[in-house]
Amino acid sequence: MSSDAQVYLKIGDVARSVGISPSAIRAWEALGLTRPHRTKSRYRLYTNHDVRLLKKARYLRQVRGLNAAAIVQMLKREGASQPAASSATAATTIGPRLRRLRTQRGLSLAEVAAAAEISIGFLSALERSQMSASVGTLRKLARYYQTNILDFFDATKLNTRLVRPPKRKVLEAGPGVRMELLAWGNKVMEPHLFRIAPQAGSGEPYAHEGEEFLFVLRGELKIALAGEEYHLKRGDSFYFESATPHHWKNPGRSETWLLWVNTPPTF
């Protein structure tokens, strides 16, 4: 108990109170719904606010039939789920960058929204950093602006050979998809660590120049290329031409980690 009489609950207590399993609670955490306190020994501790959020999420899923990503977005829009506190690995806020790309070209919200096949309201929310876009949508915006997603990381400075985890550049690409850039600068490869929450994915199919390699470090992934679907498990590797329209999703119940490499950096 803290000095202001805040009660902290262990994950087992929360699971019983909400009526879901501890693994489900960890899955919600991966999506950003809850951010438990951690003890020095890394045990999770939850507040009553976390319990209320999880109960609401359970209701939205079981009664209204919303998927996990939609629930998190809804709660964030309502202000119930707060964005993570800033840190050395905080995700890049691409809203101002998108707005600058548009205004520098003298384009209206309506013109860009039509080109990216999204609503004007959604694009406006993106530029104000109130929403996050899927990988598919980011790719459409990058193609329209004749750039690539790499530029959204603000990877303008040359990096050293060694990049430690706190120094990685991070981009949140839609609900439950976290892209951590592992090297940048004048490189012929673009390596990422993808962290994909349960049921999260790329959204609609996308394509670009180059070739891609991925290796499943943790969890599982379904990836579809031109209508053919592959189900990858931990330890599997996969190689394909980026020009083939592709989309992907984590079909599992735990977070998926992927080493994903594009070459050349055209993603």
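Predicted model, so just to flag it, every value in this text is computed and none were measured. (Residues numbered from 1 in each chain as written. Predicted model: local features only at pLDDT ≥ 70, side-chain atom pairs only at ≥ 80, totals over all residues. Heavy atoms only, no water.)

Participant: Help me get a handle on the overall build of the protein, residues and values and all.
Facilitator: Helix and strand counts for the protein stand at eight helices and 11 strands. The proportion of buried residues among the 267 residues of the protein is 44%. The long-range share in the protein, meaning contacts at least 24 apart out of those at least 6 apart in sequence, stands at 64%. In the form shown here, the protein has an accessible surface area of approximately 14,200 Å², with 51% of it arising from carbon and sulfur atoms. (Helix = DSSP H or I, 4+ residues; strand = E, 2+ residues; numbered from the N terminus. Buried < 20%, exposed > 50% of the residue type's maximum accessible area, 1.4 Å probe, protein only. Contact = heavy atoms within 4.5 Å. Areas by Shrake-Rupley, 256 points an atom, 1.4 Å probe, with all protein chains shown as cover.)

Participant: Explain the sheet that holds strand β7 (residues 220–225) to me, using residue names and the numbers behind them.
Facilitator: The three strands are arranged β8-β7-β10 in an open sheet whose pairing can be described as antiparallel. Among the strands making up the open sheet, the edge pair consists of β8 (228–233) and β10 (246–249). Ignoring strand direction, the axes of neighbouring strands in this sheet form an average angle of 20°. In terms of strand pairing, β7 meets β8 through six bridges, oriented antiparallel. By the bridge assignment for β8, Lys-222 is matched with His-231. (Pairing = 2+ DSSP bridges. Axes fitted to C-alpha atoms, helices over the stretch in contact; angles between N-to-C directions.)

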